[in-house]
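Overview (structure and organization)
Chain by chain, the residues:
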Amino acid sequence: MDKKEIQGFSKLPKEQKLQWLADNYFSDKEQAAKELSSYWHRYPETQKLFDEFAENTISNFYMPFGVAPNFLINGRIYAVPMVIEESSVVAAASMSAKQWLERGGFHAEVIDTEKIGQVHFLWQGEKAKLDRFFAAIKPKLFEETESITANMQQRGGGILGVDLVDLTEQMPDYYQVKARFETCDSMGANFINSVLEKFAAILKREASQWSEFEGDEKQVEIIMSILSNYTPNCLVRAWVSCKVAEMDCFVKDMDGPTFVRKFSNGVRIAQVDPYRATTHNKGIFNGIDAVVLATGNDFRAVEACGHVYAGRNGQYSSLTNIDIQDGQFTYTLEVPLSLGTVGGLTTLHPMVRRGLEMLGNPSARELMMIAASVGLANNFSAVRSLVTVGIQKGHMKMHLLNILKNFEASEQETELAKKYFVHNIVSYTSVREFLELLRSGQTVKL
Ligand code: MEV
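Below: a short report on this structure.

Thresholds, definitions, all that
- Residues numbered from 1 in each chain as written.
- Predicted model: local features only at pLDDT ≥ 70, side-chain atom pairs only at ≥ 80, totals over all residues.
- Heavy atoms only, no water.
- Helix = DSSP H or I, 4+ residues; strand = E, 2+ residues; numbered from the N terminus.
- Areas by Shrake-Rupley, 256 points an atom, 1.4 Å probe, with all protein chains shown as cover.
- Lys, Arg positive; Asp, Glu negative; His and termini not counted.
- Charge placed at Lys NZ, Arg CZ, Asp CG, Glu CD.
- Salt bridge = Lys/Arg side-chain N within 4 Å of Asp/Glu carboxyl O.
- Buried < 20%, exposed > 50% of the residue type's maximum accessible area, 1.4 Å probe, protein only.
- Pairing = 2+ DSSP bridges.
- Axes fitted to C-alpha atoms, helices over the stretch in contact; angles between N-to-C directions.
- Parallel < 35°, antiparallel > 145°, perpendicular 65-115°, else oblique.
- Left-handed = near helix turned anticlockwise from the far one by under 90°.
- Contact = heavy atoms within 4.5 Å.
- Nonpolar A, V, L, I, M, F, W, Y, C, P; charged D, E, K, R; others polar.
- 1 Å grid on protein atoms, 1.4 Å probe; cavity = no way out; pocket = protein on both sides within 12 Å on 5 of 7 lines; lining within 4 Å.
- Points joined across faces, edges and corners; volume = space filled by probe spheres on them.
- Patch = residues over 30% accessible without salt bridge, like charges linked within 9 Å, V, L, I, M, F, W, Y side chains within 5 Å.
- Phe/Tyr/Trp six-rings, centres within 6.5 Å; stacked < 30°, edge-to-face > 60°.
- Lys NZ or Arg CZ within 6 Å of the ring centre and 35° of its normal.
- Near = heavy atom within 4 Å.
- Polar contact = N/O pair within 3.5 Å; in protein donor to acceptor, adjacent residues only side chain to side chain.
- Sits in = over half its atoms within 2 Å of the grid points.
- Core = buried A, V, L, I, M, F, W, Y, C linked by side-chain atoms within 4.5 Å.

The next point concerns the overall build of the protein chain. The secondary structure content of the protein chain amounts to 15 helices and nine strands. When its C-alpha atoms are laid out on the principal axes, the protein chain stretches across 95 × 70 × 40 Å. Total accessible area on the protein chain is roughly 23300 Å²; 52% of this is exposed by carbon and sulfur atoms. Charged side chains of the protein chain number 47 positive and 54 negative; the gap between the two group centres comes to 6 Å.

Have a look at this one:
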């Protein structure tokens, strides 16, 4: 079917955007417009706020805002906000939190909080000349960005260092100004990008006037100025640890040493096989992303960075590590997390404000430790199930409700299904057959 094109869509009022969409893209025009607008917030000023977070907004997309209580992290108990659509993620995090609560909880430390930005440019000439030029103009990069950095410096941050990087072996004439930043409690993207664009302007201006440069050398061709989402030195470590002998109750009817042996094999496979490592790490990001979203942070940046870090040694591998020494089990997650607790959505989005308040309005460093602990908790739960009872039992139990909703099951049917599927395998077909039996009036043995 050919869809209509439209000019000036972004300029239309929201109601007209929605109407145009309904008229052109839905068969049940009126119903579609009604349904989409039914998710507008009841307070117009709140809706206006949501509308303005992005462009061409026509409605809101709801996601569950859940809570994982009892998270003991560095001796303090948190109720952690988690925004996630996948059933069983919050349950898995909560279960892990509860199991570790009695064993000292989660421990975490921030290793560093350095952010990176680059000005990518082309320059033709002798490298030694560029080195001399860069050394001479370097102080100007700091001086002339002071109006941008003053505030950040007062908070204890700013530009940590600036280097010239020669990448001409990888690409002809290609160099970078690579800068390191401390952005305190903000994620710092706007701050970093503003500084970098100023760097680029200084570089261009100074090169055009540099007496040692001749002809093409005077032309620094700026390609782009942008932060890097790869921040290997914005790193946090979270771990759990207890005696193997105290691990009898992690899985019903399984002693601690057997469980630990199975668990270790599960982790080691993720360390050597990229196919398994991807899924293993995905399970970590189930928890991390849910916290990142609930606290108004950028989950795409966090994911991109984490996966590159997982491949930093030349092969994509697990982000977690296991250590068993003298009967002590220690399970560690090390992950770069560039997060902020000020700026961006953190003060604007009412649910993010509540999410942060639940966590006691943490600093960015504290939030890094919380998110990493939740990531580790989710991964621990997933691997625990995978190497023992399997994932589907718990997963499908949670998914049962979604399937029942798909079949528009009544409350009574849902209650009966919950009983029936304690002893029967959940699948789309088995739920459909169960409901068909019920609805045809036949007796179903629960
Ligand atoms: C599902 O969202 C996450 C898991 O696949 C993670 C894992 O396999 O470790 C269960």
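Moving on, there is more to tell.
Within the structure shown, the criterion is met by 19 salt bridges. With its nearest N and O atoms 3.2 Å apart, the salt bridge here joins D131 to K127. Residue D131 and its partner K127 are located together in helix α5 (residues 127-143), separated by four residues, close to a single helical turn. The class of D131 is partly exposed, set by a relative accessible area of 34%.

The next thing to look at is the pairing of strand β9 (residues 328-336). Burial analysis of β9 places seven of its nine residues in the buried class, which makes it a mostly covered element. As paired elements, strand β7 (residues 234-243) and β9 share nine bridges and run antiparallel to each other. Paired with K243 across the strands is Q328, a residue of β9. Note that strand β8 (residues 320-325) and β9 share six bridges and pair antiparallel. Its bridge partner lying in β9, T320 is registered against L333. Between the end of β8 and the start of β9, which pair antiparallel, lie two residues, with D326 showing a positive phi angle near 50°.

Turning next to the environment of E413. As for its placement among the helices and strands, E413 is situated in helix α14 (residues 411-420). Between the C-alpha atoms of E413 and F434, which are 21 residues apart in sequence, the distance is 9.5 Å.

This part covers the packing of helix α9 (residues 274-294) against helix α12 (residues 364-386). Two numbers describe a pair of packed helices, the interaxial angle and the distance between the axes. Two elements in contact, α9 and α12, have axes separated by 7 Å at closest approach and are oriented at 135°. It follows that α9 is oblique to α12 by the angle criterion. For α9 against α12, the interelement crossing comes out right-handed. Between α9, through R276, H280, G283, I284, G287, I288 and V291, and α12, the contact on the second element is made entirely by L367, A371, V374, G375, N378, N379, V383 and L386. Of the residues in the contact of α9 with α12, the class split is eight nonpolar, six polar and one charged.

The next point concerns the layout of surface pockets. A water-sized probe, rolled over the atoms, reveals where empty space remains. Quantified by volume, the largest pocket comes out at close to 1400 Å³. Taken together, 39 residues line the largest pocket, and the ones lying closest to its centre are F53, L293, L345, H349 and V352. Of all the secondary structure elements, the ones that give two or more residues to the lining of the largest pocket are α3 (44-51), α7 (189-209), α9, α10 (299-310) and α11 (350-358). Of the residues assigned to the lining of the largest pocket, the class counts are 20 nonpolar, 17 polar and two charged. Considering only enclosed or pocket space, the second largest pocket measures out at about 1100 Å³ in volume. Together, 37 residues line the second largest pocket, and S385, I391, K393, G394 and H395 are the ones closest to its centre. A breakdown of the residues in the lining of the second largest pocket according to their chemical character gives 15 nonpolar, 15 polar and seven charged.

On the surface, a cluster of nonpolar side chains totalling about 250 Å² of accessible area is made up of I223, M224 and I226. On the secondary structure map, I223 appears in strand β6 (residues 221-228).

A full pass over the atoms with the stated rule returns 29 aromatic pairs. For the pair F329 and F380, a centre-to-centre distance of 6.5 Å together with 75° between the ring planes defines the contact as edge-to-face. Of this pair, F329 sits in strand β9 while F380 sits in helix α12, and the two are 51 residues apart along the sequence. One exposure class covers both F329 and F380, and it is buried. R300 extends its terminal NZ or CZ atom over the ring of F299, reaching a point 4.6 Å from the ring centre. Here R312 stacks its cationic end above the ring of Y309, 3.8 Å away from the centre of that ring.

Okay, the site of the ligand next. The environment of the ligand is formed by E86, R276, T279, H280, K282, G283, N286, A382, L386 and I391. Between the ligand and the protein, one listed contact pairs an oxygen atom with a side-chain N or O atom of E86 at 2.6 Å. Here N286 contributes a side-chain N or O atom positioned 2.9 Å from an oxygen atom of the ligand. Coverage of the ligand by the protein chains reaches 86% of its 300 Å² of free accessible surface. A majority-of-atoms criterion places the ligand in the second largest pocket. For the shell around the ligand, the elements supplying multiple residues, two or more each, are α9 and α12.

The biggest cluster of nonpolar side chains holds 62 residues, and the ones touching the most others in it are F71, M82, F329 and L337. Considering each element in turn, this core owes the most residues, eleven residues, to α12. I159, A179, C184 and F213 belong to the second-largest nonpolar core, a separate cluster that totals 29 residues.

Here we take up the environment of M351. Secondary-structure assignment places M351 in helix α11. Sequence-wise, M351 and G375 are 24 residues apart; in three dimensions their C-alpha atoms are separated by 21 Å. Here M351 is in contact with F65 and A294, once residues within four sequence places are set aside.

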